[in-house]
Amino acid sequence: MTLTTMDPASADTTAALDYDAIVIGAGMSGMYQLIRLRELGLRTRVFEAGTGVGGTWYWNRYPGARFDSESYSYGFSFDKQLLQDWEWSEHFAPQPETLRYLNLVADRYDLKRDIQFRSPVASAHYDDAGRSWVVTLADGSQHTSRYVISAIGVLSAPTMPRIAGIDSFRGQAFHTAKWPHEPVDFAGKRVAVIGTGATGVQTIQEVAKTAGHLTVFQRTPNWCTPLHNRPITPEEQVQIKANYDALFQRCRETFACFLHTADPRGTFEVTAEEREAFYEELYATPGFAIWVGNFKDTLTDRAANKEISDFVARKIRQRVKDPKVAEMLIPQNHGFGTRRVPQETHYYEVFNQPNVTLVDSKATPIECITPTGIKTSEAEFAFDIIIYATGFDALTGAFDRIDIRGKGGLPLKQKWAGGARTFVGMLVQDFPNLFMLLGPHTALGNIPRSIEHNVEWVTGLLRHMQQHRLTFADVTPAAAQGWTDHVMSCAEGLLTFEVDSWMTGVNSNVEGKQTRVIARYAGSAPAYRAWCDAVASGGYQELVLS
Ligand code: NAP
């Protein structure tokens, strides 16, 4: 910690500020941060664009939306009584249940009185003289605060495809992340889904149940594996509640905070028969076991990756009756697990249904949206409903959509022009008193586990500042460089970084995001936390505090 002389005048200005802390976003991170800031006695305001709490689980109410990680590993862990009071109904809970859970948390902690809904933040500008921030909402109102904490999510800036004629469509059209609050009826309707990522897969398998006809526009197939969801039995409920301590301890120890973690064996350290048996076991295991619990070299060794890719390809061929359709569903340009693996429930069987058609929109690209449907290079389709499951401007997109300026008016966009640069994903040099929850270059994985860590680390720093009567926190250039170098080195040798996806910052629908970047920390969560903890226990030597 570089301690410069205390400036009593700046401490005195705190009272003149509207708030001690402004939190942007009332999803899981914003909610938990509010709880912790209240404990510090900080006057806090949360600005939220939506009309309710829940963030991801508020916005993504598309049909079929549900957890991909085990429900009981996903909830908040900080309130032991809440863990006993709340019961998840399924191993992978559906979105409405998660939203109910988050509203329960908001009510339990009376959070809504400090949250201002319908309040998207347009800009946040640092005021050098006042060591504070001026936050402007979309309605033009301005609010001043010592600290700004962004809790704006990793996948929260939805992107529509850049296709001509989108606004001309006369039927109903929805982006999955902006789904209406009222139910949408697909019965007897001609429905199109564009996009086959984790969201598209969940949507397709649900819509196919009732749609008159469903046409899926797939540009790049993904490697999908079975979720194996089912209700939690009363006996399991008792077990889960009795074992929460051990469960969260397990999440603290695994690479990405999931219940699953890599097998210590290499793919070729076992016989071909053992390998096949292990793959079968993983394919039959619920959740991400096959992705994050596979042989340790699955995502680093090309030959190993080919083995599991071939295995999943065989499964797709077994499950899809029409061999031509099966081949269309098998990825050709990336290996298994190098993009986020969508978790499915009878997804492949959907393509055996007479009411479902798969269109290869790489071979026959969508040319335009027409008033009545979609025109590809080969054919014209009529639709009643078009669903855009076209993803997000991930990781940095939500930051790009707010005009954030640091010292001397420096735009964050400019700071990150050559790629995101942070310190432990939570601070940016020259953006004092701005703290990011799940900013670029934090450990992600099982998101709520990462959220709790980030919130607690930021809270620890603010407590430290309070105790030492400090009002300014920035990061030293050396520390920011050190962390950025570390993030880059963690990405070396990982096949994931050789593939276009949101995880490598590529989005064909966003200007300037066609080139892969390293915007995600690829080291282990325990190593990440150890790094952060060392900063705190070392007295924040890496920061400039005054
Ligand atoms: P995504 O993985 O980025 O998928 C977007 C899809 O839209 C891709 O198939 C993409 O094709 C397609 N697409 C985009 N623009 C297009 C265009 N102009 N023409 C044709 N196709 C186009 O987004 P997502 O499915 O929303 O998932 C994002 C992430 O959210 C997931 O990876 C996951 O981390 C998270 N998520 C989590 C859960 C859960 O935990 N339960 C559920 C859903 C999502 P290309 O591949 O060719 O670009």
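Here the structure is shown first, and the text comes after it.
Since this is a predicted model, take the numbers as computed values, not measurements.

*Asks:* I'm lost on the site of the ligand in this one. Help?
*Replies:* Lining the immediate surroundings of the ligand are 23 residues, of which R66, T199, R219, T220 and W502 lie closest. Here an oxygen atom of the ligand and a backbone polar atom of A198 are 3.2 Å apart. W502 places a polar side-chain atom, nitrogen or oxygen, 2.6 Å from an oxygen atom of the ligand. Burial of the ligand by the protein amounts to 84% of the accessible area it has alone, namely 910 Å². The leading source of residues in the shell around the ligand is helix α7 (residues 198-207), at 3 residues. In terms of residue class, the shell around the ligand is made up of 9 nonpolar, 9 polar and 5 charged.

*Asks:* What's the story with the packing of aromatic side chains in this structure? I'm lost.
*Replies:* A ring pair, where both rings are aromatic, is described by two values, the distance of the centres and the angle of the planes. Scanning the entire structure with this criterion turns up 35 aromatic pairs. Consider the rings of Y58 and W59, whose centres lie 4.8 Å apart with planes at 85°: the pair is edge-to-face. The class for Y58 is buried, based on a relative accessible area of 6%. The exposure class of W59 is partly exposed, given its relative accessible area of 32%. Aromatic side chains F174 and W179 sit 4.8 Å apart centroid to centroid with 45° between the ring planes, which places their arrangement in the tilted category. You'll find F174 and W179 in the same group, each marked buried. In textbook terms, an aromatic cluster arises when at least three aromatic residues are bridged by ring pairs, as seen for Y32, W57, F67, Y74, F76, F78, W86, W88, Y101 and Y109. Here R61 stacks its cationic end above the ring of Y58, 4.9 Å away from the centre of that ring. One cation-aromatic arrangement involves R265 over F278; the distance from NZ or CZ to the ring centre is 4.9 Å.

*Asks:* How should empty space enclosed by the protein be read in this particular structure?
*Replies:* Taking a probe equal in size to a water molecule and rolling it over the atoms shows the remaining empty space. Tallying each qualifying case throughout the model produces 3 cavities of 30 Å³ or more. Taken as a whole, the largest cavity holds about 50 Å³ of empty space. In terms of lining, the largest cavity is formed by C257, A443, R449, S450, H453, N454, A525, Y528 and R529. Of all the secondary structure elements, the ones that give two or more residues to the lining of the largest cavity are α17 (447-467) and α19 (525-537). Of all the elements, α17 adds the most residues to the lining of the largest cavity, at 4 residues.

*Asks:* Any chance you could explain the packing of helix α2 (residues 28-39) against α17 here in plain terms?
*Replies:* Working note: a packed helix pair is described by the angle between its axes plus the distance between those axes. Here α2 crosses α17 at 35°, and the two axes come no closer than 9 Å. Read as a crossing pair, α2 and α17 show a hand that is right-handed. Two secondary-structure elements touch here, α2 through M28, S29, Y32, Q33, R36 and L37 and α17 through P448, I451, E452, V455, E456, V458, T459 and L462.

*Asks:* What should I look at first to understand the side chain of N222 in this one?
*Replies:* Summarising the element assignment, N222 is placed in the loop between β10 (213-218) and β11 (225-226). Look at N222 and you get buried, because its relative accessible area is 8%. Every residue in contact with N222, bar those within four places of it in the chain, is listed here: T196, G197, L329, P331, H334, R339, P342 and Y348.

*Asks:* Explanation requested: the sheet that holds strand β16 (residues 380-382) in the structure shown.
*Replies:* The strand order across the open sheet formed by 3 strands is β14-β15-β16, and the pairing between neighbours is antiparallel. Both edges of this open sheet fall to β14 (366-369) and β16, since each of them pairs with a single strand only. Within the sheet, the average angular offset between the axes of one strand and its neighbour, ignoring direction, is 20°.

Cut-offs applied
Residues numbered from 1 in each chain as written. Predicted model: local features only at pLDDT ≥ 70, side-chain atom pairs only at ≥ 80, totals over all residues. Heavy atoms only, no water. Near = heavy atom within 4 Å. Polar contact = N/O pair within 3.5 Å; in protein donor to acceptor, adjacent residues only side chain to side chain. Areas by Shrake-Rupley, 256 points an atom, 1.4 Å probe, with all protein chains shown as cover. Helix = DSSP H or I, 4+ residues; strand = E, 2+ residues; numbered from the N terminus. Nonpolar A, V, L, I, M, F, W, Y, C, P; charged D, E, K, R; others polar. Phe/Tyr/Trp six-rings, centres within 6.5 Å; stacked < 30°, edge-to-face > 60°. Buried < 20%, exposed > 50% of the residue type's maximum accessible area, 1.4 Å probe, protein only. Lys NZ or Arg CZ within 6 Å of the ring centre and 35° of its normal. 1 Å grid on protein atoms, 1.4 Å probe; cavity = no way out; pocket = protein on both sides within 12 Å on 5 of 7 lines; lining within 4 Å. Points joined across faces, edges and corners; volume = space filled by probe spheres on them. Axes fitted to C-alpha atoms, helices over the stretch in contact; angles between N-to-C directions. Left-handed = near helix turned anticlockwise from the far one by under 90°. Contact = heavy atoms within 4.5 Å. Pairing = 2+ DSSP bridges.

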